[in-house]
Amino acid sequence: MDKDKVITLLNHDLEGEHGAIIQYLTHAYAMGEGEMACEVEAIAREEMRHLDWLAEAIVELGGVPSLERGKMRIGGESVVDWMKNDVLLEEDGVNLYQEHIKHIDDPKIKRLLERILSDEESHHGDFQHFVDKAQREGARDIRGTRTDRVVQTLNWGIEHEYTVILQYMFQSYMTTNKEVKKELEDQAINEMQHLSWLAEKIVDISANPRIEHAEVDRSTKVADMLRADIKIEQEVAAAYDRAAKETEDPDLRELLIRMRDHEIYHTEVFSDLLKKE
Ligand SMILES: [Fe+2]
Ligand SMILES: [Fe+2]
Ligand SMILES: [Fe+2]
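Scoring rules and cut-offs
- Residues numbered from 1 in each chain as written.
- Chains lettered and ligands numbered in written order.
- Predicted model: local features only at pLDDT ≥ 70, side-chain atom pairs only at ≥ 80, totals over all residues.
- Heavy atoms only, no water.
- 1 Å grid on protein atoms, 1.4 Å probe; cavity = no way out; pocket = protein on both sides within 12 Å on 5 of 7 lines; lining within 4 Å.
- Points joined across faces, edges and corners; volume = space filled by probe spheres on them.
- Helix = DSSP H or I, 4+ residues; strand = E, 2+ residues; numbered from the N terminus.
- Nonpolar A, V, L, I, M, F, W, Y, C, P; charged D, E, K, R; others polar.
- Donors = N, O, S within 2.8 Å, 3.2 Å for Na, K, Ca; no water.
- Buried < 20%, exposed > 50% of the residue type's maximum accessible area, 1.4 Å probe, protein only.
- Expected span 1.5 Å × (residues − 1).

### Section: empty space enclosed by the protein
In this approach, a probe sized like a water molecule rolls over the atoms, and the result shows the empty space that is left.
At step 1: Scanning the model with the defined rule gives one cavity of 30 Å³ or more in all.
At step 2: Size it by volume and the largest cavity reaches roughly 90 Å³.
At step 3: In terms of lining, the largest cavity is formed by Leu14, His18, Leu51, Pro65, Ser66, Leu67, Leu166, Met169, Phe170 and Tyr173.
At step 4: Secondary-structure elements contributing two or more residues to the lining of the largest cavity are helix H1 (3–31) and helix H5 (149–174).
At step 5: Ranked by residues supplied to the lining of the largest cavity, first place goes to H5 with four residues.
At step 6: Tallied by class, residues from the lining of the largest cavity come to eight nonpolar, two polar and no charged.

Following this line, the structure appears as structure tokens:
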């Protein structure tokens, strides 16, 4: 199989991982705190590692990692239904990896996909177990229906965080500058924390986190990347600052100020890197 074909298959796998991450996070947040939510979130983190390995393999082959999100099995009325959907999504993944392993000859890529496949088989078993557990424990959807301005602001925050996570990860794959790559990876992890905090807060105040992203900057020159990053960091720092001043909820204010300070830090890190360019 030629290289371009392999890149296409790996990008398909990567999109599947992206969809799985968002599906599982959506379910974990909607269940609130608790053991099962933590376990589902841990599986989402393993899918993030898969996504990362696939993206690095794609770049090594000379390809560009896809930013598209694959099919999700969102829907279902109860936690039991969600866990059944997660079982089905893992089945989709297992089938796809088995198919791709059959068709790819490159031993290194084959080994990578086999490694991922064994994780997916294990997740499949985990989710089957969660179907029973959800039934037994009567796990429920704890999201509410609040849609006021606070909820809108927090969901705007999620949209921003999701966008920069994709942007910094994409840039970290595309750059050959080691220092820039490392900072982008670090900040992406920090933005993942922000996304979790926001989603948990939204569920906490009886609303529904909306995990969608805005347009991702796809600059490939380091200076252009950093300029785009600085611009978006400045915007979000100002937005969190404004929201912190508006809110009367002291916990929310603390959260917003903490994130604002992180975003200011990110702006400074990126500005220093830009000066060196
Ligand atoms: Fe995966
Ligand atoms: Fe952030
Ligand atoms: Fe940031």
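Anyway, onward from the coordinates.
### Quick word on the coordination of the iron ion (ligand 2)
At step 1: Looking at the iron ion (ligand 2), one finds its protein donor set to be Glu161 (OE), Glu161 (OE), Glu191 (OE), His194 (ND1) and Glu263 (OE), positioned 2.0 to 2.3 Å from the metal centre.
At step 2: All donors of the iron ion (ligand 2) come from a single chain, and their spacing in sequence reads E-x29-E-x2-H-x68-E.
At step 3: For the pair the iron ion (ligand 2) and the iron ion (ligand 3), the metal-to-metal distance amounts to 3.8 Å, and Glu191 bridges them. Taken as a pair, His194 in helix H6 (residues 178–204) and Glu263 in helix H8 (residues 250–276) lie far apart in primary sequence, 69 residues in all. For the residue pair His194 and Glu263, the accessibility class agrees, reading buried in each case.

### A few points about H1
At step 1: Counted at 1.5 Å a residue, the expected span for H1 with its 29 residues is 42 Å, and the 42 Å between its end C-alpha atoms agrees.
At step 2: The element H1 is extensively covered by neighbouring structure, given that 23 of its 29 residues are classed as buried.
At step 3: Positive phi appears at Gly32, one or two residues downstream of H1, with a value of about 75°.

Shape descriptors only; they carry no functional weight alone.
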